[in-house]
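Inside the fold
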Amino acid sequence: MPLVHGLAPILATPFASDGSLDLPSLRRVVEFNLVSGVDGLAVSGMASETFALTADERARVLREVVDVAAGAVPVVAGVNATSTVTAVEQARAAAADGAAALMVLPPYMVKPTPAQLVDFYADVAAATDCEVMVQDAPGVTGVTMAPATLARLGELPGVTSVKVEAPPTPAKVTAVVDTVGEEFAVLGGMNAQFCLDEYARGAIGTMPACEFPDLLRPVLDDWAAGRRAEAREGFARLLPLVLHGLQQGWAWAIHKEVLLARGLIADATVRAPARPLDAPTRAALHEVLTPLGITTR
């Protein structure tokens, strides 16, 4: 079993109203996730607004999360660079700041060939002692990774898993599971939109946003215990919230609006080019939250 498995949410990065980092709110979000029974935590992922963080801020966030987690669960750091040398730099910095594993996007400004992908992940994995997860997210990167390519990556020392975010994800999970070796783990992302179907096809984890782990944990526990009908019913209640958190441009503001409603962060500020919610979207979101027992505090 790789370090990253089970429920491992991607943490939002809270900001104060002036746009500065809000570390006390971040600590509350981490504590909430730990109490909710997560199996891991991730920073510098897509849901973290990493595109708007400086290198110093990435380091501060990672160190804060590692401090609060205190070894209770592994902390995963995203690596989302545009070349091998910059990815290695990010990987080494994350390892030095306490990351246990790295979630690594392929370089995407210049699209790599399959052979270059192998060289890229080999170099990143060799740069630290951290386990490496391949992030297969062609919707963001424009880089398509075939199951055969992922199988080759899974043979590299230190590369232990893949996070599949290539729609339709259940079918891609099946294709990867049928191709890779048994020791190469498959997890899902995309805010856990198809997590139960991914589990049914061989995935061993899911990495959604961080505002509803307490609601998703019982669903996953029901599934693991064989109570599939109960799990499907529980997930159906969550699906409207999951879908709201997948809206392009607004996803980051959605995550933060929910965290604000739950009293976990002090402000829902996002950094450009993420967009703050307009009034109709905010109202619709709160209509979705009310049946889940989440109301503005």
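A brief look at the structure comes next.

1. Focus on helix H9 (residues 213–224)
In a regular helix each residue adds 1.5 Å, so twelve residues correspond to 16 Å; H9 covers 16 Å between its end C-alpha atoms and thus fits that length. Considered for burial, the residues of H9 that qualify are Pro213, Leu216, Arg217, Val219, Leu220, Asp222 and Trp223. Looking at the buried positions of H9, the neighbouring elements they touch are strand E1 (6–7), helix H1 (23–35), helix H8 (195–200), strand E8 (205–206) and helix H10 (228–244). Phi turns positive, to about 85°, at Gly226, one or two residues after H9.

2. Describing the nonpolar core
Among the nonpolar cores identified, the biggest contains 88 residues, and Val65, Leu102, Tyr121 and Leu216 are the most heavily contacted of them. In terms of residue count, the dominant contributor to this core is helix H4 (residues 114–127) (seven residues). Apart from residues no more than four positions distant in its own chain, Leu216 is found in contact with Leu7, Ala192, Cys195, Thr206, Pro208, Phe235 and Leu238. Counting residues in each nonpolar core, the second largest holds twelve residues, with Val4, Met133, Met207 and Ala209 among its members.

3. Points about the pairing of strand E5 (residues 131–136)
In regular strands, side chains alternate between the two faces of the sheet. With five of six residues buried, E5 is to be regarded as a mostly interior element. Inspection of the sheet shows strand E4 (residues 101–104) paired to E5 by four bridges, in the parallel sense. Counterpart to Leu102 in the pairing with E5 is Val132. Pairing geometry for E5 and strand E6 (residues 159–164), over five bridges, is parallel. Paired with Gln135 across the strands is Lys163, a residue of E6.

Rules and cut-offs
- Residues numbered from 1 in each chain as written.
- Predicted model: local features only at pLDDT ≥ 70, side-chain atom pairs only at ≥ 80, totals over all residues.
- Heavy atoms only, no water.
- Helix = DSSP H or I, 4+ residues; strand = E, 2+ residues; numbered from the N terminus.
- Expected span 1.5 Å × (residues − 1).
- Buried < 20%, exposed > 50% of the residue type's maximum accessible area, 1.4 Å probe, protein only.
- Contact = heavy atoms within 4.5 Å.
- Core = buried A, V, L, I, M, F, W, Y, C linked by side-chain atoms within 4.5 Å.
- Pairing = 2+ DSSP bridges.

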